[in-house]
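Coordinate inspection notes
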Amino acid sequence: MKTFDEKLASLRKLKLAQTQEKIALEGLLDEDDYGRIVPPKGFWKIIPNHQDGSFYGFDAWANNFCDLMEKHPVYVNSDDAFAGRWMYFMSKMRPNKWNPEYPYDHLKPDIKKYDIICGIGDDAHFAPDYEMGVQLGWGGLLDKIEHYRSINTSPAQQHFYDLHIKVIKGIQGWIRRHIEKANEMAMHESNSERKQNLLDIAQTNQNILVDAPKTLREACQWIIWFHLASRTYNRDGAGGQLDSLLLPFYEHDIAENNIDDFTTIYYLGCFLINDPVYWQIGGPDKNGKDQTSKISFLLLEAADKINTSLNITVRVHDGINPELLDRSVYYLVKNKNAWPRFSGDKALVKGFMSNGFSVELARQRIAVGCNWMSLPGLEYTMNDLVKVNMAKVFEVAYYEMIAQPDSEYSTGKLWKLFEMHLTKAVEVAAAGIRHHLKYQKYNEPELLLNLLSHGPIEKGLDVSDGGAQYYNLAIDGAGLAIVADSFAALEQRIETEHLLDWDEMTTQLKADFKTTNGQKIQAICRNSERYGATDSLGEKWGEQIRDIFTDLVCKQSNPALKQVFIPGFFSWANTVGFGLSVGATPNGRNAKTPISHGANPNPGFIIEGASLSLATTIAKMQPAKGNTAPMQWELDPTFAKEENVNLIKAIIKTHFRMGGTLINVNIMDKKKILEAHKDPSKYPELVVRVTGFTAYFAMLSPQFRQLVVDRILES
Amino acid sequence: MSGLITTIQRMSIHDGPGIRSAVFMKGCNLRCWWCHNPETWEFNFQLQYINDKCLRCNDCIKKCEIQALDTEADGIRIARERCTLCGKCTKVCPSGALTMIGEQVEAEEVVRRVEQDIIFYEESGGGITLSGGEPLMQLDFTKKILSLCKAKHIHTAIESNLMVHPKAIKALLPLVDLWMCDIKTIDPATHKKYTGVSNERIIKNFKYIINNNATVIARTPVIPGFNDTEECIESICKLIQDLPVKCELLGFHTLGFDKFCQLGLTNLCSGLKPLTAQRLSELKRIFKKYNIKTTHENI
Ligand code: SF4
Ligand code: SF4
C-alpha cells in the first residue's frame, strides 16, 4: 500500500518526466511552467472561421471550445486524488490573434516607434471569483444564466446566454468522460486501494457534475475543472484567496469526521501539482481581519511535499499571523525553489485607494497573477499585457536631440524630449487599450471568465465590453534603470566632470562602443553614479521618471467611462525582446542586450549590502496606485540559511513598510546555475523565478537562461 | 568632528545582532598577521590597485605629475615611496581599478548615512557597529558618532582590540550597547609575535568592561598554527568561564588575501589554508565543555 507521501512523490516524478517530454517535443519556452502536458499528436485542430486561418467572435470561440471539450483526451491517474490535466492552448493555436476586420493601423507606426506591447487582442489577465464557482457549481451557474436569460431578452443577449450554456455543457461532457474513464479503470484494477481511489475519483466528479461541491475533495476538483477549462480556452491562470476559499470545506469535512490532516495534505498536494495557478494565502479579509487559518499552514506543508514550480503568494500585513510568515520564509530558504513569494498589503491598499476606492475593496484586490493584483470577479484589467519600452522612448529622444545643432545638447533638453515622447507613447498605449475594449468581443470574448465574474451574466455583456464592474487598466513602464542610468551617466560624465562630450558619446553609441577607446568609454559610462545606490544621480533620475510615468498613465483615466488607468513598473519576460530593439545606451549597455527588469537596478549596481539597497530603492520607486513594481531579489545562498530566517523576514517586512508591493525571490547557488546553464538536462528539477512567474530552468531558451544567470552572478 | 573611515557596510550580518551598518574606521595599532581588512591599518589614505579591473589605458600614468606610476608586464606599478596620495590618478581611472581608500567624514554624515537603514534595524533588532581598524584610536570621532546614535535610539556595538588606555574605554561605556572584543590568545609572547603587542593590557581592559556591567561578546579568531590547538582554546575558556560573556569562534579565511597585493603590503599568512569547518566545530565543543554560551555561530 502506498502512503500519501509516496503517492505525492510519484506524482512529482511524473510531472518532471512530463516536463522533459514537453521540452523534447515542443522545444524551449520562455514562459511559466503551467501544468500543461503534451497532447497526443494531431489529435485536435482549430476550426477557422476566417480566411486568414484563425477564428474570431462569440460563435467561433464557443464552437472551437466545445469541439475540443468533446474530443479532449481524458486524464486519470490512480495515485492522484483528482482527474484532469491541461493539454491544449487554444488561444495560442490560432495563426493570428486579432480580427483583421477591426484594424488599428493608425496606431501601428507609434507602437513600432516606441516599441510598445499594446495588448490588443490579448486575453484573460484578470481574476475569476472562485468563491462564486464553488457556491453555485455548474448547475447553479446554468440556473443563473437561465434566470438572466429571462430578463435580458434582446437577440444579442439571448445568443450570449446560449453560448455560455453551451460552454458549460461542453465542460460537463468532458467531466462525464472522466467519470466513465475512472470507473472503467477501476473495473480493471486489481489493487484494491487503487481501485477504491479510482472509484472515489469517479464519485467525486459525479457529485459535482451538476451540484455545488460539499467536501474539500469536491471543491478542489471543481476548481481544477474550471481552471483547466479556462486555461485551455485562453491560458488564464489567476487563482484567488486559496485558504479562505477552501476553509469551509475543510471545516465541514473535519466536523463530519471525513478527513484528517494527512489526507488534507495529500489532497492539497495533488491540487497544487495540477497546475501552478497563482494563489494568495494569508492577508486581511475586507474588514482587515487576518485570513490565516489551519489550512494556510496545510497548504504550505503540501507545497513543501511536492516542491515543484509553484506560484503561492503570502500577503504580508500588519496583522499577519507571525507563524505564517515564519513558515513561509522557512520553506523559501529550505527548498530554495523560488516559492512562496510575498506581497505587501499596506502599499497596495493605500495605492489602490488613491484611485478613489474604499479600503474594503482595496483589501480584496489580491495577488493572483505574475506581477499583478486583481479583484476576483469584479474587474477587467489587462494586467501585465501593455508595456512601454522606456529605453526605446529614451533612444528616440536622444537621437532627436542629436539631430539638432550641438548648442542644444543638455540633459535638460533631453529630458524635455523624453517627456514629450513618453507622453505620446503612453497615449498610444492607452489608445490601444481603448481599441481593444471596443472590439475584443468580436475577436475573443471571455466565455469562461464571464461565468465567474459579477456582471457579464447579469447584464448579458462580455466582460471586456461593459460586463465588468470596474475597468482598472494597467500600463507598465519597462527599462527604468536603463533610462535613469543613462541620464545619470550623461549628466555626470559630460556635464559635471567633462570627461566626455556629446559627440564622443554619440559616436560610441552608434559604434556600440566598438572603437579603439570604446572599452574605456564604456567603463566610464558604466561606473557613473548608478540607480540603486543611495543618494546617487541614478536615483535622482529614477525618481523623476517614476513621477512623470505615473502622472502620464493616471491622466488617461476617464471617470465617465469608469476607466481607471493604473501605472506599474514591470517588464515580465520582455526584457530580452525590448532590448533587441534598442541600440547602445549611455549607461554603457551594449546594443540589443536585454533591458533592466521592472524597477530593479541594472545588475552589479552596488557591491555591498545589495539586498538593502534593492529593498530601499524599489520601495521608493513605486508608482503607488495599487499595481506593482516588484522587487526581484536574488538572494545569496550563503545568507539564505535557516539561521537567518529572521533577518530575511525583517527585510521583507521592511520593504513593505517602506512602500514595497511584491517580492519575488530566487536563491541560487552560483556554481549550480552555471553548470545548469551549460547542460540544463542535468538539472531537470531546478526552478527559477524568472520574473513574476516560475519556470523550470531547463525549459528556458539559452538567451533567457543567460539573463537569469547574469542576474544571479552579479547579485 | 570628523574622522577617517574606509567604508560603511550596509547589511552587515556578522558584526552583532540583526541587520547592521558597520562603519570601518581607518587606522589600527595592531598588525595581526591574519587581518582581512589590511586597508584599515594605516591612519592615512591608501592607494589601491585592482589588476583585474584595469583596462591598460594608461590614463593614470599620464595624470600622475610625479611619475609614481608606470607600466609593468602585467598592468600598472606604483612607486609607493614617491606617491603623495594626491588622488589625481583615481579621478581619471575609468574602470575603478585605481581607488583611494579612505574618506575623511564628519560624524554627523556617518550617522546620516547609517540612519537611512534605521527601519531595517528596528525590524531586525540591529543597529550600528563601529569596526575597523581600531575605533578607539579615533576616540572623539567614535564618541560623537555613538552619542548621535544613542540620541536616535540606534543600538550601538563596537569591535575593539582593547589595546587602549582605560580612560578611552571608560568614556565610551555609557554609549556602547554591545562590546565585541578579541581574545586572540592568553599567552603574551605569542600574542606579541603575531599582533605586534603583548596582551596584558587587553585582558585587563576586558575584565574592566565586564566589571562595569557592559554586554560583551568575546571573539576568538582561530588561526591555524597560532591558536588552533585544544590547549590554547582551553586557556581562553578558563579565562572567561565564570564571566558573564558570550563567545564566538571565527574561523580563519583567506577572503582578504587579494587586498595585500592591491595595497602593496606583505601578507605574512600567505599560503595558509582556511580553517576547516570540521576543526572549528571540534574546537567549539571545548566551549560547551566549559559551559560557555556562544552566539550564533558564523564564520
Ligand atoms: S595618488 Fe597622486 S601621486 Fe599617487 S600615483 Fe596617483 S597621481 Fe600619482
Ligand atoms: S587609468 Fe585605471 S584602467 Fe587605465 S591603466 Fe590606469 S589603472 Fe588601469
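In this numbering scheme, every chain counts its residues from 1 along its sequence in written order. Chain labels run from A onward and ligand labels from 1 onward, assigned in the order the entries are written. For this predicted model, a pLDDT threshold of at least 70 governs which residues receive local features, and a threshold of 80 or more governs which side-chain atom pairs are given and counted, while totals over whole chains, interfaces and linings are taken from all residues. The side-chain numbers reported here are obtained from all heavy atoms of the structure, hydrogens and water having been left aside.

1. Points about the overall build of chain A
Secondary structure assignment for chain A yields 25 helices and 15 strands. Atoms counted for the radius of gyration: C-alpha only. Globule rule: 2.2 Å times the number of residues to the power 0.38. Against the 2.2 N^0.38 benchmark of 27 Å for 715 residues, chain A shows a C-alpha radius of gyration of 26 Å, consistent with a compact globule. Along the first, second and third principal axes, the C-alpha set of chain A runs to 85 × 60 × 50 Å. Buried positions account for 65% of the 715 residues belonging to chain A. Whether two residues are in contact is decided by their heavy atoms: any pair within 4.5 Å suffices. For chain A, the proportion of contacts with a sequence separation of at least 24, taken over those separated by at least 6, is 77%. The protein chains shown are the only cover counted for residues, whose accessible areas, like all others here, come from Shrake-Rupley with a 1.4 Å probe. Total accessible area on chain A is roughly 24400 Å²; 52% of this is exposed by carbon and sulfur atoms. With 78 positive and 88 negative side-chain charges, chain A shows a spacing of 2 Å between the two charge centroids. Strands are runs of DSSP state E lasting at least 2 residues, helices are runs of H or I lasting at least 4, and numbering of each runs from the N terminus. Classification of residues uses two cut-offs on accessible area relative to the type maximum, computed with a 1.4 Å probe and protein chains only: under 20% is buried, over 50% is exposed, and between them is partly exposed. Lys and Arg are tallied as positive, Asp and Glu as negative. Neither His nor the chain termini are counted. To locate a charge, the coordinates of NZ of Lys, CZ of Arg, CG of Asp or CD of Glu are taken.

2. So, the state of the cysteines
Disulfides are defined as cysteine sulfur pairs within 2.5 Å. Within this structure, the stated rule accounts for 0 disulfides over all chains. Between Cys525 of chain A, a free cysteine, and Cys57 of chain B, which holds the nearest cysteine sulfur, the sulfur-to-sulfur gap is 14 Å. No disulfide involves Cys149 of chain B; its sulfur sits 18 Å from that of Cys181 of chain B, the nearest cysteine.

3. Re the site of ligand 2
Residues are labelled near a given molecule or strand when at least one of their non-hydrogen atoms is within 4 Å of it. Residues in close proximity to ligand 2 total 13 residues, the closest being Cys54, Cys57, Asn58, Cys60 and Cys93 of chain B. Partitioned by chemical class, the residues of the shell around ligand 2 number 10 nonpolar, 2 polar and 1 charged. Each residue receives one of three labels: charged for Asp, Glu, Lys and Arg, nonpolar for Ala, Val, Leu, Ile, Met, Phe, Trp, Tyr, Cys and Pro, and polar for the others, Gly being one of them.

4. Comments concerning the interface of chain A and chain B
At the junction of the two partners, chain A supplies 23 residues and chain B supplies 20 residues. The quantity reported as buried area is the accessible area (1.4 Å probe) lost by two parts once they are put together, taken as the sum for both. On the chain A side of the contact with chain B, Lys520, Leu612 and Arg657 of chain A bury the most area, a combined 26% of that side's loss. In what follows, salt bridge is the name for a side-chain nitrogen of Lys or Arg lying within 4 Å of a carboxyl oxygen of Asp or Glu. One can count 5 salt bridges joining chain A with chain B. Put simply, Arg112 of chain B and Asp535 of chain A hold a salt bridge, and the shortest N to O gap is 2.8 Å. Any pair of nitrogen or oxygen atoms within 3.5 Å is treated as a polar contact; in protein, a donor-acceptor pairing is required on top of that, and neighbouring residues in sequence qualify only through side-chain atoms on both sides. Here chain A is connected to chain B by 10 residue pairs in polar contact (both at pLDDT 80 or more). Breaking the side of chain A that touches chain B down by element, the ones donating at least two residues are helix H19 (518-526), helix H22 (610-620) and helix H23 (645-657) of chain A. Partitioning the side of chain A that touches chain B into residue classes produces 9 nonpolar, 9 polar and 5 charged.

5. Looking at unusual backbone geometry
All names here are of chain A. Residue Trp339 is joined to Pro340 through a cis peptide bond whose omega torsion reads -10°. Mapped onto the secondary structure, Pro340 falls in the loop between helix H11 (322-335) and strand S5 (341-344). Phi is positive for Asn307, which is not a glycine, with a value near 40°. One non-glycine residue, Lys336, lies in the positive phi region at around 50°. Structurally, the position occupied by Lys336 is in the loop between H11 and S5. The class of Lys336 is partly exposed, set by a relative accessible area of 29%.

6. Description of the confidence of the model for chain B
Per-residue pLDDT for chain B averages 94, and the proportion of residues at 70 or more is 99%. Taken together, the chains of this predicted complex give a pTM of 0.94 and an interface ipTM of 0.92. Here pLDDT means the predictor's own confidence in every residue, given as a number from 0 to 100.

7. So, the environment of Glu39 of chain B
All names here are of chain B. Within the secondary structure layout, Glu39 lies in the loop between strand S2 (20-25) and strand S3 (46-49). On a C-alpha basis, the gap between Glu39 and Ser160 in space is 16 Å, while along the polypeptide they are 121 residues apart. Polar contacts involving the side chain of Glu39 include one to the side chain of Lys259, which spans 3.2 Å.

8. Describing the sheet that holds strand S9 (residues 155-160) of chain B
Residue and element names in this part refer to chain B. DSSP-based pairing: two strands are paired if at least 2 bridges between them are found. Within the open sheet, the 8 strands sit side by side as S7-S1-S2-S8-S9-S10-S11-S12. Their pairing is mixed. What marks the edges here is a single partner per strand, and that holds for strand S7 (103-106) and strand S12 (246-251). On average, adjacent strands in this sheet sit at an angle of 30° to one another, irrespective of strand direction. Pairing analysis gives 6 bridges linking strand S11 (residues 216-222) to S12, with the strands arranged parallel. Counted as the bridge partner of Pro221 is Leu250 from S12. As a rule, the C-alpha atoms of each element are fitted with a line to give its axis, helices using only the stretch in contact, and angles between N-to-C directions run from 0 to 180 degrees.

9. Brief notes about the side chain of Asn574 of chain A
Residues and elements named next belong to chain A. Relative to the helices and strands, Asn574 resides in the loop between strand S11 (563-569) and helix H21 (575-580). The exposure class assigned to Asn574 is buried, which follows from its relative accessible area of 18%. Apart from the residues within four sequence positions on either side, Asn574 is in contact with Ile117 and Lys387.

10. Brief notes about the domain arrangement of chain B
All names here are of chain B. Examined at the domain level, chain B breaks down into domain 1 (2-43 + 105-298) and domain 2 (49-101). Look at where the C-alpha atoms of domain 1 and domain 2 centre, and you get two points 32 Å apart. Counting residues at the interface gives 6 residues for domain 1, matched by 4 residues for domain 2. Both sides together, the interface formed by domain 1 and domain 2 hides about 440 Å², and carbon and sulfur atoms give 58% of it. Our enumeration of links across domain 1 and domain 2 arrives at 0 salt bridges. Our count for the contact surface shared by domain 1 and domain 2 stands at 3 residue pairs in polar contact (both at pLDDT 80 or more). Looking at the side of domain 1 that touches domain 2 residue by residue, the classes come out as 1 nonpolar, 3 polar and 2 charged. The split of the chain into domains comes from an automatic or database domain assignment.

11. Re the pattern of salt bridges
In total, this model carries 56 salt bridges over all chains according to the counting rule given. For Asp261 of chain A, the salt bridge goes to Lys294 of chain A, with nearest N and O atoms at 2.4 Å. Here Lys294 of chain A lies in helix H10 (residues 294-306) and Asp261 of chain A lies in helix H9 (residues 261-274), a separation of 33 residues in the sequence. In this structure Asp261 of chain A comes out as partly exposed when scored by relative accessible area, which is 26%. For the salt bridge of Lys184 of chain B with Asp182 of chain B, the shortest nitrogen-to-oxygen distance reads 2.8 Å. Where salt bridges share partners, they join Asp535 of chain A together with Glu103, Glu109, Arg112 and Arg113 of chain B into one cluster.

12. Points about the domain arrangement of chain A
Residue and element names in this part refer to chain A. By the assigned domains, chain A splits into domain 1 (56-103 + 131-235) and domain 2 (106-124 + 369-598). For domain 1 versus domain 2, the separation of C-alpha centres amounts to 39 Å. Listed by partner, the interface residues are 34 residues for domain 1 and 31 residues for domain 2. Interface of domain 1 and domain 2: buried area, both sides summed, is about 2800 Å²; carbon and sulfur atoms make up 66% of it. Our enumeration of links across domain 1 and domain 2 arrives at 3 salt bridges. In this structure, Lys97 and Asp122 form a salt bridge, with 2.5 Å as the shortest nitrogen-oxygen distance.

13. With respect to the packing of aromatic side chains
What counts as a ring pair is set by centres within 6.5 Å for rings of Phe, Tyr and Trp (its six-membered ring), and what kind of pair is set by the plane angle: stacked under 30 degrees, edge-to-face over 60, tilted for all other angles. Enumeration according to the criterion identifies 41 aromatic pairs over all chains in this entry. Both rings, one in Phe252 of chain B and one in Phe257 of chain B, keep their centres 6.2 Å apart while their planes meet at 55°; by these two values the pair is tilted. An aromatic cluster of three or more residues is present, and its members are Phe394, Tyr398, Tyr399, Tyr409, Trp415, Phe418, Phe487, Trp502 and Trp541 of chain A. Above the ring of Phe89 of chain A, the side-chain terminus of Lys92 of chain A is found at 5.1 Å from the ring centroid. Criterion for a charge above a ring: Arg CZ or Lys NZ at most 6 Å from the ring centre, at most 35 degrees from the ring normal. Positioned over the ring face of Tyr104 of chain A is Lys108 of chain A, at 4.8 Å from the centre of the ring.

14. Looking at the sheet that holds strand S13 (residues 662-667) of chain A
All names here are of chain A. Strand order in the open sheet made by the 6 strands is S2-S3-S4-S5-S13-S12, with mixed pairing throughout. The sheet is open, and its two edges are formed by strand S2 (238-241) and strand S12 (631-635), each paired on a single side. Neighbour to neighbour, the strand axes of the sheet diverge by 25° on average, direction disregarded. Two strands pair when backbone bridges link them, and S2 and strand S3 (residues 278-282) are joined in this way by 2 bridges, in the parallel orientation. Across the sheet, residue Gln241 finds its bridge partner in S3, namely Gln280.

15. Details of helix H6 (residues 192-208) of chain A
Working rule for helices: expected span equals 1.5 Å times residues minus one. For H6 of chain A, with 17 residues, the first-to-last C-alpha span of 24 Å sits near the 24 Å given by 1.5 Å per residue. The distance from a side-chain oxygen at the start of H6 of chain A to the backbone nitrogen of Glu193 of chain A is 2.8 Å, and the residue carrying that oxygen is Asn191 of chain A.

16. Some thoughts on the pairing of strand S1 (residues 2-12) of chain B
Residue and element names in this part refer to chain B. Among the 11 residues that make up S1, 8 are buried, leaving the element largely enclosed by the rest of the structure. Bridging between S1 and S7 involves 4 bridges; their strand directions are antiparallel. Bridging from a neighbouring strand, Ser2 pairs with Glu106 of S7. Bridge count between S1 and S2: 5 bridges; the pairing is antiparallel. Among the inter-strand pairings, Gln9 is bridged to a residue of S2, identified as Ala22.

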